[in-house]
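# Inside the fold
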Amino acid sequence: MLFSKSLTGGKVPLLLCSSLFLFSCSLNYGNEDENDTSYPEFSFYGAKLVRYENAKQTLDMSAERIEKYRGSNATYAKNAEFSTWNDNGEKETEGKCTLLKADSDTKQYTLLDGITLKSFSESFEIEASSLFYDGKEEQLISGKDSLVVLTRDDLQMEGREFSASGIDKSFSFSASIDGVITTKSESDNREKENEEK
C-alpha cells in the first residue's frame with residue numbers, strides 16, 4: 001500500500017513510503033550477470049561429434065556428455081573416445097579419457113583420468129592419468145605426478161614427468177623410469193626360443 005494512515009490521521013507522503021520500499025530491496029534487482037560461466041550454455045548427453053575441414057573428416061568423438069560454456073571456446077567432455085585424421089585422410093590418433101577439455105581455437109587439449117592415446121603416425125601408445133597437448137607447439141606433457149606408460153615396437157617404459165615433441169620426434173622422462181628396450185638381436189633370439197617350444 002503506497003499510502004497509510006499516520007498517528008494523527010493524515011496521509012504519509014508517497015516519497016517516504018517509496019524510499020522505505022527502495023531501501024528494503026536489492027539494488028541489483030533485475031540486473032543478473034548475463035556472463036555467468038558457471039552453468040553450461042548447452043549440454044549433450046550420449047553425443048557423437050564429427051568435424052569436417054575442407055570436405056574431409058578430421059575428428060570423430062563420442063562422449064557420455066559434452067558441454068560448452070558461454071564466453072569460452074573450449075568444449076568439455078566426459079568419458080570421451082576420439083579419433084583424428086590428417087589431411088590425407090589417414091587416421092593419426094585414437095584415444096579415450098574420462099575428462100577432456102578441448103579448445104580448438106588455441107589448439108590446447110587437457111585429458112584427465114584413464115587416458116589411452118595411440119598415435120598411428122608415430123607408432124606409439126601412451127597410458128596416463130593426466131596429459132596436456134599444445135597443438136601449435138606440438139608438445140605433449142604429463143602432469144608432474146602422473147605415471148605414464150609408453151609402448152612402442154621396440155620398448156615399453158613407465159615413468160613420471162613425461163614430455164614429447166612432435167616437431168623433433170623426441171620424448172623424455174624427467175623423473176626415474178623403468179622399462180624394457182628390445183633390440184633387433186634380442187627380438188630374433190626370443191622368436192627362435194618361442195619357435196623351439
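Coordinates for the structure precede this section.
So, a few notes on the structure that sits alongside this text.

Cut-offs used in this document
- Residues numbered from 1 in each chain as written.
- Predicted model: local features only at pLDDT ≥ 70, side-chain atom pairs only at ≥ 80, totals over all residues.
- Heavy atoms only, no water.
- Helix = DSSP H or I, 4+ residues; strand = E, 2+ residues; numbered from the N terminus.
- Buried < 20%, exposed > 50% of the residue type's maximum accessible area, 1.4 Å probe, protein only.
- Contact = heavy atoms within 4.5 Å.
- Salt bridge = Lys/Arg side-chain N within 4 Å of Asp/Glu carboxyl O.
- Phe/Tyr/Trp six-rings, centres within 6.5 Å; stacked < 30°, edge-to-face > 60°.
- 1 Å grid on protein atoms, 1.4 Å probe; cavity = no way out; pocket = protein on both sides within 12 Å on 5 of 7 lines; lining within 4 Å.
- Points joined across faces, edges and corners; volume = space filled by probe spheres on them.
- Nonpolar A, V, L, I, M, F, W, Y, C, P; charged D, E, K, R; others polar.
- Core = buried A, V, L, I, M, F, W, Y, C linked by side-chain atoms within 4.5 Å.
- Pairing = 2+ DSSP bridges.

As a further point, take the overall build of the chain. What the chain contains, in helices and strands, is 2 helices and 12 strands. For the chain, the N- to C-terminal ordering of α and β elements is α-β-β-β-β-β-β-β-β-β-β-β-β-α. Split into buried and exposed, the 197 residues of the chain put 25% on the buried side. Of the contacts made within the chain by residues no fewer than 6 positions apart, 28% connect residues no fewer than 24 positions apart.

Attention now moves to the pattern of salt bridges. Under the criterion given, the structure shown has 7 salt bridges. Close ionic contact of Asp60 with Lys48 constitutes a salt bridge, the shortest N to O distance being 3.0 Å. Taken together, the residues Asp60 in strand β2 (residues 56-69) and Lys48 in strand β1 (residues 40-53) connect sequence positions 12 residues apart. Between Arg65 and Glu67 there is a salt bridge, with the nearest N and O atoms lying 2.5 Å from each other.

Here we take up the packing of aromatic side chains. Tallied over the entire structure, the rule returns 6 aromatic pairs. Seen from their ring centres, Phe42 and Phe44 are 4.9 Å apart, and the 55° between their planes marks the pair as tilted. By relative accessible area, which is 34% here, Phe42 ends up partly exposed. Looking at Phe44, the relative accessible area reads 44%, which means it is partly exposed. Taken together, the ring pairs connect Phe162, Phe171 and Phe173 into an aromatic cluster.

Estimates place the volume of the largest pocket at around 1,500 Å³. As for the largest pocket, its lining consists of 46 residues, of which Thr84, Glu92, Thr93, Tyr109 and Tyr133 are closest to the centre. Looking at the lining of the largest pocket element by element, the count peaks at 6 residues for strand β3 (residues 74-85). Partitioning the lining of the largest pocket into residue classes produces 21 nonpolar, 14 polar and 11 charged.

With that settled, consider the nonpolar core. In this structure, Met61, Leu100, Ile126 and Phe162 are the most contacted members of the largest nonpolar core, which totals 26 residues. Listing elements by their share of this core, those giving two or more residues are β2, β3, β4 (91-103), β5 (108-119), β6 (124-134), β8 (148-152), β9 (155-159) and β10 (162-165). Ignoring anything within four residues of it in the chain, the contact list for Met61 reads Ala47, Lys48, Leu49, Ile66, Ala77, Ala80, Glu81, Phe82 and Leu100.

The next thing to look at is the pairing of β9. A one-sided burial pattern is seen for β9, the buried positions being Leu155, Met157 and Gly159 and the unburied ones Gln156 and Glu158. Examined bridge by bridge, β8 and β9 share 5 bridges and lie antiparallel to one another. Counterpart to Val149 in the pairing with β9 is Glu158. Hairpin connection of β8 to β9: 2 residues between the antiparallel strands. Strand direction decides the pairing type here: β9 and strand β12 (residues 177-181), joined by 5 bridges, are antiparallel. When the bridges of β12 are listed, Glu158 appears paired with Asp178.

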